[in-house]
Amino acid sequence: EAQVTQNPRYLITVTGKKLTVTCSQNMNHEYMSWYRQDPGLGLRQIYYSMNVEVTDKGDVPEGYKVSRKEKRNFPLILESPSPNQTSLYFCASSLQTGELFFGEGSRLTVL
Amino acid sequence: GQSLEQPSEVTAVEGAIVQINCTYQTSGFYGLSWYQQHDGGAPTFLSYNALDGLEETGRFSSFLSRSDSYGYLLLQELQMKDSASYFCAVNRDDKIIFGKGTRLHILP
């Protein structure tokens with residue numbers, strides 16, 4: 001089954017404790033990206049990657065890092081999480097940027 | 001700047017037709033996409049307009065006019081399961097920019 005898998009789905013952590021949200025896709029897509037969704041603000045792109053070892057900033061990259069060492073994986077790293085990073089995060093992939101396939105989302109709370 | 005404007009909420013009656021508009025202030029983008037998101041779920045792709053004109057997929061149609069900086073999603077024969085949020089999005093320089101979403105309420 002074609003899918004984008006994110007883990008963890010739910011996480012509560014404390015300020016400053018590094019965490020990684022993993023994202024994996026099995027569709028051989030070149031394009032992968034991360035979004036955060038906050039009430040009233042819609043989906044905002046954090047980082048995207050056009051292919052292995054090619055990443056670039058989206059609209060809200062501050063406080064986040066990503067890596068793309070393999071085509072299927074695109075982890076999101078929060079080196080020192082802060083409460084303003086409490087949000088719902090989605091990973092997505094596509095062959096081109098016209099049709100995104102989203103993961104189920106990861107709800108993160110930073111205390 | 002780059003922004004997409006959508007109504008925050010729209011209400012329609014079951015069985016009716018509803019149009020959700022999306023206006024934008026950005027140029028040089030590749031196409032306009034639409035996504036549906038139910039409460040607690042992930043966005044799912046509905047349609048993509050690479051060119052001006054109308055694209056039809058079952059009960060859903062989407063339209064793009066680059067000259068008017070405008071697009072819309074048309075939902076026909078509304079069903080209760082269509083109650084959801086709908087987002088327009090553009091692809092510009094490999095970045096994806098989403099509108100803030102339109103919450104569609106359907107009355108029986």
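So, here is what we can say about the structure in this document. Quick caveat: nothing in here was measured; it's all calculated off a predicted structure.

Comments concerning the sheet that holds strand β1 (residues 4-7) of chain A
By definition, the strands of a sheet pair up through backbone hydrogen bonds, in either a parallel or an antiparallel sense. Residue and element names in this part refer to chain A. As summarised here, the arrangement of the 4 strands in space is β1-β3-β8-β7, forming an open sheet in which the pairing is antiparallel. Each edge of the open sheet carries a strand with a single partner, namely β1 and β7 (65-66). Bridging between strand β3 (residues 19-25) and strand β8 (residues 76-78) involves 3 bridges; their strand directions are antiparallel. Looking across to β8, one finds that Leu19 is bridged to Leu78.

Re the packing of aromatic side chains
Per the stated rule, a full pass over the model turns up 12 aromatic pairs over all chains. Look at Phe102(A) and Phe98(B): their rings are 6.4 Å apart centre to centre, the planes differ by 65 degrees, and that puts the pair in the edge-to-face class. Residue Phe102(A) is found in strand β10 (residues 101-102), and its partner Phe98(B) is found in strand β10 (residues 95-98); the two belong to separate chains. The buried category is assigned to Phe102(A), whose relative accessible area is 11%. Using a relative accessible area of 8% as the deciding quantity, one classes Phe98(B) as buried. Both rings, one in Phe63(B) and one in Tyr72(B), keep their centres 5.0 Å apart while their planes meet at 20 degrees; by these two values the pair is stacked. Since its relative accessible area comes to 22%, Phe63(B) is described here as partly exposed. According to the relative accessible area criterion, Tyr72(B) is buried, its value standing at 16%. An aromatic cluster of at least three residues, connected via ring pairs, comprises Tyr35(A), Phe90(A), Phe102(A), Tyr35(B), Phe45(B) and Phe98(B).

Conventions used here
Every residue gets a number counted from 1 within its own chain, in the order that chain's sequence is written. For naming, the first written chain is A and the first written ligand is 1, with later ones following in the order written. In view of the model being predicted, local features appear only for residues whose pLDDT reaches at least 70, and side-chain atom pairs are presented and counted only at 80 or more, with totals across whole chains, interfaces and linings using the full set of residues. Side-chain figures throughout are based on the complete set of non-hydrogen atoms in the structure, without hydrogens or water. Note on pairing: DSSP must find at least two bridges between two strands before they are called paired. Runs of H or I in DSSP of at least four residues are treated as helices and runs of E of at least two as strands, each being numbered from the N terminus. Aromatic rings from Phe, Tyr and Trp, taking only the six-membered ring of Trp, are treated as a pair when their centres fall within 6.5 Å; an angle between ring planes under 30 degrees marks them as stacked, one over 60 as edge-to-face, and anything in between as tilted. Residue exposure (1.4 Å probe, protein chains only): buried if accessible area is under 20% of the type maximum, exposed if over 50%, otherwise partly exposed.

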